[in-house]
Amino acid sequence: QVQLVESGGGLVLSGGSLRLSCAASGNTFSLNVMGWYRRAPGKQRERVAIIVNDGRTNYADSVKGRFTISRDNAKNTVYLQMNNLKPEDTAVYYCNGVATGAVHWGQGTQVTVSS
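A few points on the structure. Every residue gets a number counted from 1 within its own chain, in the order that chain's sequence is written. Per-residue local features are limited, in this predicted model, to residues with pLDDT of at least 70; the limit for side-chain atom pairs, both in listing and counting, is 80 or more; totals at the level of whole chains, interfaces and linings are taken over all residues. Working from all heavy atoms in the structure, the side-chain values ignore hydrogens and water.

Each helix is a run of H or I in the DSSP string that is no shorter than four residues. Each strand is a run of E no shorter than two, and both are numbered from the N terminus. Secondary structure assignment for the chain yields zero helices and 11 strands. Ordered by position from the N terminus, the helices and strands of the chain form the series β-β-β-β-β-β-β-β-β-β-β. The C-alpha radius of gyration computed for the chain amounts to 13 Å, which stays within 12% of the reference 13 Å derived for 115 residues, consistent with globular compactness. Expressed along its principal axes, the backbone C-alpha trace of the chain runs to roughly 40 × 25 × 20 Å. Atoms counted for the radius of gyration: C-alpha only. Globule rule: 2.2 Å times the number of residues to the power 0.38.

Quick look at the packing of aromatic side chains now. Here is the rule: rings of Phe, Tyr and Trp (six-membered ring for Trp) pair when centre to centre is within 6.5 Å. Planes less than 30 degrees apart are stacked, more than 60 are edge-to-face, and the remainder are tilted. Here the structure, examined in full by the defined rule, presents one aromatic pair. Centre to centre, the rings of tyrosine 37 and tryptophan 105 are 5.0 Å apart; their planes meet at 70 degrees, and the pair counts as edge-to-face. One end of the pair, tyrosine 37, is in strand β4 (residues 31–39); the other, tryptophan 105, is in strand β10 (residues 102–105), and 68 residues separate them in sequence. The classification of residues rests on relative accessible area computed with a 1.4 Å probe and restricted to protein chains. Under 20% of the type maximum is buried, over 50% is exposed, and intermediate values are partly exposed. Judged by its relative accessible area of 18%, tyrosine 37 is buried.

Here we take up the pairing of strand β5 (residues 46–52). Of all seven residues in β5, five are buried, a share of seventy percent or more. At least two bridges found by DSSP between two strands are what make those strands a pair. Across three bridges, the pairing between β5 and strand β6 (residues 57–59) is antiparallel. Opposite isoleucine 51, over in β6, you have threonine 57 as the bridge partner. Following β5, the chain reverses through four residues before pairing antiparallel with β6; glycine 55 in that reversal takes a positive phi of roughly 100 degrees.

Any cysteine sulfur atom paired with another within 2.5 Å is treated as part of a disulfide. What the rule picks out here adds up to one disulfide. Note on cysteine connectivity: cysteine 22 is disulfide-linked to cysteine 95, with sulfurs 2.0 Å apart. Residues cysteine 22 and cysteine 95 share a disulfide whose torsion about the S-S bond is about -80 degrees; that sign makes it left-handed. Pair noted here: cysteine 22 is in strand β3 (residues 18–26) and cysteine 95 is in strand β9 (residues 91–99), with a separation of 73 residues, a long-range link. Across the pair, cysteine 95 and cysteine 22 agree in class, each one buried.

Position of glycine 108 among the secondary structure elements: in the loop between β10 and β11 (109–114). A relative accessible area of 15% means that glycine 108 is categorised as buried. Linking glycine 108 and valine 92, residues 16 residues apart in sequence, is a C-alpha distance of 5.9 Å. Residue contacts follow a heavy-atom distance rule, with two residues in contact if any of their heavy atoms lie within 4.5 Å. With sequence-adjacent residues up to four places away left out, glycine 108 is seen in contact with Glu6, Val92, Tyr93 and Tyr94.

By themselves, these are just geometric observations and shouldn't be taken as functional.
Quick look at the structure:
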């Protein structure tokens, strides 16, 4: 089993920055892909960024050039550095971990960007 715990959300002004963290525990060796998703009020959940074990990354078009996903394997932690935040980035952000035959989710952390 894998547990994912997010932190780092909060309230920030437009143009500001935040860094989200996702600490993984349990059977972390089973995780092949880690990622961040978000759900804004009244909208469907969308994938923000993912990072594969080999280091490859992929971003949603809406965040390219502003967000960076990274991972620290020694700490079993995945980060999402968010710069130049916009009001439309306001959402609950969820950490996601994919293992063979299983998908794991964190509880979510709120990010609110005020104009």
